[in-house]
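# Structural overview for review
What follows is each chain in one-letter form.
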Amino acid sequence: MKSGRERHLSTQVWQDQGSEARSSGRSRGDTGQDELASQWSRVRGRLQEEIGEVEYRNWLRQAVLHGLDGDEVTVMLPTRFLRDWVNKEYGGLLTAFWQAENPAVRRVDIRTKPVGTSERAPDLAEAEVKGAAVKPAAARREIEDRQDMSAPLDPRFTFDTFVVGKPNEFAYACARRVADGHATPGFNPLFLYGGVGLGKTHLMHAIAWELSQRSDEVTVAYMSAEKFMHKFVSALRRQSTIEFKNELRSVDVLMVDDLQFLIGKDGTQEEFFHTFNALVDSGKQIIVSADKSPSDLSGIEDRLRTRLGCGMVADVHATTYELRLAILEAKAARAGVNVPGRVMEFLAQKITANVRELEGALNRLIAHANLFERPVTLETAHEVLHDLLRAYDRKITIEEIQKQVAEHYNIRISEMSSARRARNIARPRQIAMYLAKQLTSRSLPEIGRKFGNRDHTTVMHAVAKVTELIDADPDFAEDVELLRRILTV
């Protein structure tokens, strides 16, 4: 991938080439459909070469050419988020490459055309290469029908952006297997379950992106259980249930998120059960997510619960500290923001409920830093996230302090009470005593007893020594402050 400086120079080269082409006499009226399709193909190739394969696949692969109107080229993307990102990050580069290919182009207009996963927007270049004329009205109706059936996907939720760790590696492997070849024996249905914000929806979107990008012929319908119910009720009201059944059963892959919302909806469960059977019997893939395993979904009919559990059931476990830290590091890297390691360690220690809250906290910190042009620090984290962190408040105990300090300095917790005086043991022990004095209401003799029946004068010496080091050593002071915030905020 090229640096910003290299990218600027490359853009200038293409602009110079465009000037040469302009002087050769090519006019805007000379651009036919075949030529326009060829130009778009070359522009995409140059974009991919310029920004790298990963960036191209994540942000620009879904771009389709709508057409040329006078001196304006229109390129379409499936979501507002993607449109805004591409316009901000790659708009200038896209315009420069187009002008190099066709000097008549003065502007590239990037628009939103939401499409479902089952059908991409018609790309003028692809249509011309295949020799098929694009019929705008018919294509528009088909896209709208597909979009109504399938919810839009989030372009951020791909396999490339999913951080794998011990708690989710099995679910990730199962999702990958289905994406590599849907309707694989033993993996149909694929049932993903776990708590809120642990990555189930991310994996489902990733599967849908992978399947739709691998083949245009594979139709994928992704929807929430709530949308499934809404469409079924609407079909009943309009007396169009046959069309509803045919529409769902014509897809190759049906994905239903948050199935627990069908609990108590007997009529919708009945329809889902028959749709499920029809698709599986015809070799189509079913992917479902819920907050509990099939056997624990009370309120779901036994026959449906049995069918849901007959394929592959994968649990997305609660995150570990290591996985939370890796997620934060990956997100900060993608955002191109420098977040100090101590801040990310603090967030990973404190925000443990789910990944959405964790990423939301980092987003708030980054936004605050950008708006006020202030660096991200532990102090600003405490200030900006006080409402979120308050939810994790708990009573502090000496045992908890010992455990946290031992983990931080990678020593055994038993060393807090041992007679060893090696510096790598004694210093963490003194820090733990200092924090116990600062953060609990225990007396010095009580603290001493918790550290191997030591005398209260030993605790006094530890407190004095740590206080001295905090004043003299900024790095040491930051370490102690990080531990204090982890324990108190």
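Residues numbered from 1 in each chain as written. Predicted model: local features only at pLDDT ≥ 70, side-chain atom pairs only at ≥ 80, totals over all residues. Heavy atoms only, no water.

## Remarks on the pairing of strand 2 (residues 72–77)
For clarity, the threshold we go by: Any residue under 20% of the maximum accessible area for its type is buried, any over 50% is exposed, and the rest in between are partly exposed; the area is computed with a 1.4 Å probe on protein chains only. Here a strand is any run of E in DSSP of at least two residues, a helix any run of H or I of at least four, and the numbering for each starts at the N terminus. Strand pairing is assigned whenever DSSP identifies at least 2 bridges connecting the two strands.
Judged by how many residues are buried, strand 2 sits mostly within the fold: 5 of 6 residues are covered. Sheet analysis places strand 1 (residues 64–69) next to strand 2, joined by 5 bridges and oriented antiparallel. The partner of valine 64 across the bridge, within strand 2, is methionine 76. Linking strand 1 to strand 2, which pair antiparallel, is a turn of 2 residues; within it glycine 70 sits at a positive phi near 65°. Here 6 bridges tie strand 2 to strand 3 (residues 107–112), and the two strands are oriented parallel to one another. Looking at the pairing, glutamate 72 lines up with arginine 107 of strand 3.

## Overview of the pattern of salt bridges
As a reminder of what qualifies: Should a side-chain nitrogen of Lys or Arg be within 4 Å of a carboxyl oxygen of Asp or Glu, the pair is scored as a salt bridge.
Using the criterion set out here, one finds 27 salt bridges in the structure. Among the salt bridges present, the one from arginine 107 reaches aspartate 109, with a minimum N-O distance of 3.7 Å. The exposure class assigned to arginine 107 is partly exposed, which follows from its relative accessible area of 42%. Taking the shortest distance from any N to any O, the salt bridge between arginine 342 and aspartate 479 comes out at 2.3 Å. On the criterion of sequence distance, the pair formed by arginine 342 in helix 14 (residues 341–350) and aspartate 479 in helix 22 (residues 474–488) is long-range, its members being 137 residues apart. Overall, arginine 342 belongs to the partly exposed group, its relative accessible area being 23%. For aspartate 479, a relative accessible area of 15% corresponds to the buried category.

## Some words on the side chain of threonine 440
Here is the rule: Polar contact is the term for a pair of N or O atoms within 3.5 Å; when the atoms are in protein, one must be able to donate a hydrogen and the other to accept it, and sequence-neighboring residues count only if both atoms are side-chain atoms. Only heavy atoms matter for contacts: two residues are in contact if any of them lie within 4.5 Å across the pair.
Mapping threonine 440 onto the fold places it in the loop between helix 19 (423–439) and helix 20 (444–450). Exposure remark for threonine 440: the relative accessible area of 16% places this residue in the buried category. A distance of 2.6 Å separates a polar atom in the side chain of threonine 440 from the backbone oxygen of alanine 436. Of the polar contacts made by the side chain of threonine 440, one reaches the backbone nitrogen of arginine 442; its length is 3.3 Å. Sequence-distant contacts of threonine 440, that is, excluding residues within four places in its chain, are made with Ile396, Ile398, Ile401 and Leu435.

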